[in-house]
Amino acid sequence: MMMENWALEIARADIRLAECAAVKPRNLTHGEARLKIDSFALTANNITYAAFGDIMRYWDFFPASEASKGRLPVWGFAEVSESRHPDLPVGDRIYGYFQAASELIVSPAKVTAAGFTDASEHRSALPPAYNRYIRCAGDAGYDPALEAEQMVLQPLFLTGWLLARYLREEGAFGASRVYLTSASSKTAIGMAQCLRDEPLDGVKICALTSSGSSEFVAGLGLYDEVHLYSDIDRLPAGRPSMMVDFAGDATVNRDVHSRLGDQMKANIRVGGAHWEHSAPAQNLPGPKPVFFFAPDHMEKAREALGPGGFQAAYSKDWSAFAASARNWLTFHEFRGARACFDIYNKLIAGDALARDGLTIRP
């Protein structure tokens, strides 16, 4: 599977069916730029993108060769290898939202020293947070030594940071316990660290995890309590509680709602790590699960804090998280289309370890 130009293409009807397809490069038109993708991360978050590809329009960002297929969104770094845009020179290093592929063609607009927006027509109605690209030379927070942390963790930490902010705004919905499913996931860890550093008064942050991950989760030192999925029927009853659901497992949802009953105050649905069984059961006791769409909350936070205020608040917390990441996370770099295909299949099967940060160089 040695290909110079390729893209991972996935069957929209069954995301277990994927292939790395050869792609014939096309010529640029005026105003476009070709970004040669240098590296990107693959995490369980990317499987959530695929699992909710149609519902949340993730497939719409990067059209595939056929309407029945989609290209997987990823976060990473690229370099401008060819440009027909006067304000975006060849050689610029770019961070942002790419396809799992060897290149991406963009139509830069609103170009500043800090970055630009991809104004490609098919992206015009999609969430603006995903259409913004950062020029590394104009990013005061960019550190070449932390590129792996930025690719693997920053998109996930941002969601966790926004979730922590949301819980503070809502007073944890009146709960005294917040249960995080898939507590070993990187997004859950980011959220837990934010809530440890700025606690919710009188609220315990509790992990729900598998027996195989329990030691890792407990060793993080971020959770007040660690509970196994197999012990949900022994969760403390009679106390107002809520769940932030990163696993997206219908059985776990049913068991938690059944155990907590009318003490369940909210169920915030974030991810779909357990994508095959993610549809919530009907007629659950307590509140209906509500999906948390991070781009919408990011825009609200930007409006509330102002662009400078948002960046200052977020950057401080991100820097602390990135600096501590290698205490619990080991990074592994792989190369080429075959590695991308193999790791995607490991993630689909749930075989990747939370303590591993996986990156691909196309």
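For the structure itself, look to the data block above.
Computed from a prediction, not measured in an experiment: that's the story for all the values here. (Residues numbered from 1 in each chain as written. Predicted model: local features only at pLDDT ≥ 70, side-chain atom pairs only at ≥ 80, totals over all residues. Heavy atoms only, no water.)

**Q** I'm lost on the packing of helix 3 (residues 147-169) against helix 7 (residues 294-324) in this one. Help?
**A** A packed helix pair is summarised by two numbers, namely the angle formed by the two axes and the spacing between the axes. In the contact formed by helix 3 and helix 7, the axes pass within 10 Å of each other and the chain directions differ by 120 degrees. When the axes of helix 3 and helix 7 are compared, the pair comes out oblique. In this structure, helix 3 crosses over helix 7, and the sense of that crossing is right-handed. (Axes fitted to C-alpha atoms, helices over the stretch in contact; angles between N-to-C directions. Helix = DSSP H or I, 4+ residues; strand = E, 2+ residues; numbered from the N terminus. Parallel < 35°, antiparallel > 145°, perpendicular 65-115°, else oblique. Left-handed = near helix turned anticlockwise from the far one by under 90°.)

**Q** Is there a simple way to think about helix 3 in this case?
**A** Since the α-helix advances by 3.6 residues per turn, residues separated by three or four positions end up pointing in the same direction. Taking 1.5 Å as the rise per residue, helix 3 with 23 residues should run 33 Å; its terminal C-alpha atoms sit 32 Å apart, in good agreement. The largest bend along helix 3 reaches roughly 50 degrees and is located at Leu153, with the proline Pro155 sitting one to four residues downstream. Counting buried positions over the 23 residues of helix 3 gives 20, a clear majority of the element. Where helix 3 ends, the next residue or the one after it, Gly171, has phi of about 60 degrees, a positive value. (Expected span 1.5 Å × (residues − 1). Bend = angle between axes of the 7 residues up to and from the residue. Buried < 20%, exposed > 50% of the residue type's maximum accessible area, 1.4 Å probe, protein only.)

**Q** What is the right way to look at the sheet that holds strand 12 (residues 204-209) in this model?
**A** Strands belonging to one sheet form pairs held by backbone hydrogen bonds; the direction of such a pair is parallel or antiparallel. The 6 strands are arranged 13-12-11-14-15-16 in an open sheet whose pairing can be described as parallel. The open sheet terminates on both sides in strands that have one partner only, identified here as strand 13 (225-228) and strand 16 (290-291). Where strand 15 (residues 264-269) and strand 16 come together, 2 bridges link them in parallel fashion. Directly across from Ile268, in strand 16, lies its bridge partner Val290. (Pairing = 2+ DSSP bridges.)

**Q** Is there a simple way to think about the pattern of salt bridges in this case?
**A** Working definition: two side chains of opposite charge can pair if their charged atoms are close together. The tally for this structure, following the rule as stated, stands at 28 salt bridges. Ionic pairing is found between Glu79 and Arg93, a salt bridge with its closest N-O pair at 3.2 Å. Taken as a pair, Glu79 in strand 5 (residues 73-83) and Arg93 in strand 6 (residues 93-99) lie far apart in primary sequence, 14 residues in all. Where Asp118 meets Arg123, a salt bridge forms, and the shortest distance between an N and an O atom there is 2.9 Å. As far as burial versus exposure is concerned, Asp118 and Arg123 are alike and both buried. It is possible to trace a salt-bridge network through shared partners that takes in Asp38, Glu79, Arg93, Glu147, Glu333, Arg335 and Arg361. (Salt bridge = Lys/Arg side-chain N within 4 Å of Asp/Glu carboxyl O.)

**Q** Is there a simple way to explain the side chain of Asn267 in this structure?
**A** Secondary-structure assignment places Asn267 in strand 15. Polar contacts involving the side chain of Asn267 include one to the side chain of Asn253, which spans 2.7 Å. (Polar contact = N/O pair within 3.5 Å; in protein donor to acceptor, adjacent residues only side chain to side chain.)

**Q** Which parts of the structure should I look at to understand the pairing of strand 5?
**A** Two faces belong to every sheet, and in a regular strand the side chains alternate between them. As paired strands, strand 3 (residues 33-42) and strand 5 are joined by 7 bridges and run antiparallel to one another. Paired with Ile37 across the two strands is Ala78, which belongs to strand 5. With 7 bridges connecting them, strand 5 and strand 6 associate as antiparallel partners. Counted as the bridge partner of Pro73 is Gln99 from strand 6.

**Q** I keep staring at the nonpolar core and nothing clicks. Help me out?
**A** Most often, soluble globular proteins have nonpolar side chains that are buried together. Counting 103 residues, the largest nonpolar core has Leu8, Tyr223 and Tyr344 as its most contacted members. Broken down by element, this core gets its largest block of residues, 12 residues, from helix 3. Residue contacts for Tyr344: discarding those within four places in its chain leaves Leu8, Ile10, Ile15, Ala18, Leu42, Ile47, Ala50 and Leu72. (Core = buried A, V, L, I, M, F, W, Y, C linked by side-chain atoms within 4.5 Å. Contact = heavy atoms within 4.5 Å.)

**Q** Help me understand the environment of Ser83, please; the structure alone is not making it clear to me.
**A** Among the structural elements, Ser83 can be located in strand 5. The class for Ser83 is partly exposed, based on a relative accessible area of 23%. Each C-alpha atom, one on Ser83 and one on Ala33, is 4.2 Å from the other, the two residues being 50 residues apart in sequence. Look past the residues within four positions of Ser83 in its chain and what remains in contact with it is Leu28, Glu32, Ala33, Leu88 and Val90. A distance of 3.1 Å separates a polar atom in the side chain of Ser83 from the backbone nitrogen of His85.

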